[in-house]
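Residues per chain are reported as follows:
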Amino acid sequence: MHTTQVSDLALEIRQMAADFAARHIKPYVMEWDEAQKFPVELFQKLGELGMMGVLVPEQYGGAGLGYHEYKVVIEEIAKVCGSIGLSVAAHNSLCTNHILTFGSEAQKNKYLPALASGEHIGAWALTEPNTGSDAGNMKCVATRQGDNWVINGSKCWITHGITGNTVVLLARTGPAHTRDNCTAFIIERGMEGFKAGKKENKLGMRASETAEIIFDNCVISDAQRMGEVGEGFKQAMTILDGGRISIAALSLGIAKGAFEAALQYSQERKQFDKPISSFQGISFKLADMATEIDAADLLIQRACQLKEDHAQLTKESAMAKYYASEVAVRTATEAVQIFGGYGYTKDFPVEKFYRDAKLCTIGEGTSEIQKIVIARELLR
């Protein structure tokens, strides 16, 4: 498959990420999936190559690259394992990027080098059991007490909720159902009153750790606050614009991985002395898959360029995320179909792409929410 590439640098980064995934991820994909193992040591290796701080400037220990390069890192890793792609995406675009975008100079100098090197794993905590998209009604509350804040409540569906060393927390600091009632804080693993809760037993993305986190009278200094009191939700919306690009790139990688496996299999598998790719029923599936993948790729590249240009991209990132995630599900489904009965077994890679793809239509907001975002922007 040939898709438009942005630069020679992006090509070099793509090759580096592909080589890393083939060597350090592919041999262990099913082992990690079956055991639901989050391979912490792998992320330290990724950090050594700059892939845990892709967007972080060199002055803070990062790679200092842009969104086009970031896109291909996530894509190439996800072509091999969606779980690892998801964790790299959550670490880079949510936790690390939030601190980079809204942290003070002191906070950036304190937290970014360890995050960019992979020495520390980042987590980002917005979602709660009863407030998925209803963020204004959060039950996790931070109460001001002098120079400190006392945090009580819980968050769920937190990527790296158990292992994460640095957590960006969005907590309610004003009355429920009011504007500007949320503030961002940086929480460190080991702070008293902060602990991990239940780990989720997921259908797919099983090597990417997802867990509940709990705050029980967790006292933190006001120095841990990011930005002004009450601007947390606005910060989160900015971060999610970039986060949608991450999930779109993750979806694209999964789709490409499933497509390439199906394409190869269709050329090797024979029926009636012909490769099954020669049959119209199969070849038309491949044509549809390839076309949709390229269309998703171009939508993502547009969103990346807008991000690079510091332009408004809410609609475009939502379109990229919505379309690419749906393409991932359709492509993985058709890949299983092309493999036939073998596609339903764990001896071939497409059953995992099939399981992993579904989360892409849910994570960072469901496909339905992306449509709401797109429609709202169109109707402004």
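Here is what the cut-offs are and how they apply
- Residues numbered from 1 in each chain as written.
- Predicted model: local features only at pLDDT ≥ 70, side-chain atom pairs only at ≥ 80, totals over all residues.
- Heavy atoms only, no water.
- Axes fitted to C-alpha atoms, helices over the stretch in contact; angles between N-to-C directions.
- Helix = DSSP H or I, 4+ residues; strand = E, 2+ residues; numbered from the N terminus.
- Parallel < 35°, antiparallel > 145°, perpendicular 65-115°, else oblique.
- Left-handed = near helix turned anticlockwise from the far one by under 90°.
- Contact = heavy atoms within 4.5 Å.
- Nonpolar A, V, L, I, M, F, W, Y, C, P; charged D, E, K, R; others polar.
- Buried < 20%, exposed > 50% of the residue type's maximum accessible area, 1.4 Å probe, protein only.
- Core = buried A, V, L, I, M, F, W, Y, C linked by side-chain atoms within 4.5 Å.
- Phe/Tyr/Trp six-rings, centres within 6.5 Å; stacked < 30°, edge-to-face > 60°.
- Polar contact = N/O pair within 3.5 Å; in protein donor to acceptor, adjacent residues only side chain to side chain.

A. Main features of the packing of helix α1 (residues 8–25) against helix α4 (residues 67–80). Closest axis-to-axis distance for the α1/α4 pair is 8 Å, and the angle between their directions is 25°. As judged from the angle between their axes, α1 and α4 are roughly parallel. When you trace α1 past α4, the crossing you get is right-handed. Across the interface between the two elements, L9, A10, I13, R14, A17, A18, A21 and I25 from α1 touch E69, K71, V72, V73, E75, E76, I77 and V80 from α4. Taken together, the residues of the contact of α1 with α4 sort by class into eleven nonpolar, no polar and five charged.

B. The arrangement of the environment of A324 in detail. Position of A324 relative to the elements: it lies in helix α9 (residues 314–339). A relative accessible area of 1% places A324 in the buried class. Distance in space between the C-alpha atoms of A324 and A35 is 28 Å, their sequence separation being 289 residues.

C. A look at helix α10 (residues 350–360). For α10, the tally of buried residues reaches eight of eleven residues, placing the bulk of the element in the interior. Within the span of α10, buried status applies to V350, E351, K352, F353, R355, D356, A357 and C360. Elements that come into contact with the buried residues of α10 comprise α2 (29–35), α4, α5 (82–102), α7 (232–268) and α9.

D. Spatial organisation of the nonpolar core. In this structure, I25, F43, L46, I84 and L250 are the most contacted members of the largest nonpolar core, which totals 67 residues. Ignoring sequence-local partners within four residues, the contact set of F43 consists of F38, M52, I84, S87, V88, G118 and I121. The next biggest cluster of nonpolar side chains, apart from the first, holds 23 residues, and it includes L100, V168, A236 and I239.

E. Structural detail: the packing of aromatic side chains. What the rule picks out here adds up to nine aromatic pairs. Seen in terms of ring centroids, Y265 and F348 are 6.1 Å apart; in terms of plane orientation they differ by 75°. Their pairing is edge-to-face. Separated by 83 residues along the polypeptide, Y265 in helix α7 and F348 in the loop between α9 and α10 bring together distant segments of the chain. Since its relative accessible area comes to 26%, F348 is described here as partly exposed. One aromatic cluster in this structure is built from Y265, F339, Y342 and F348.

F. Quick peek at the side chain of S251. By the element assignment, S251 lies in helix α7. Only 2.7 Å separates the side chain of S251 from the backbone oxygen of I247, close enough to count as a polar contact.

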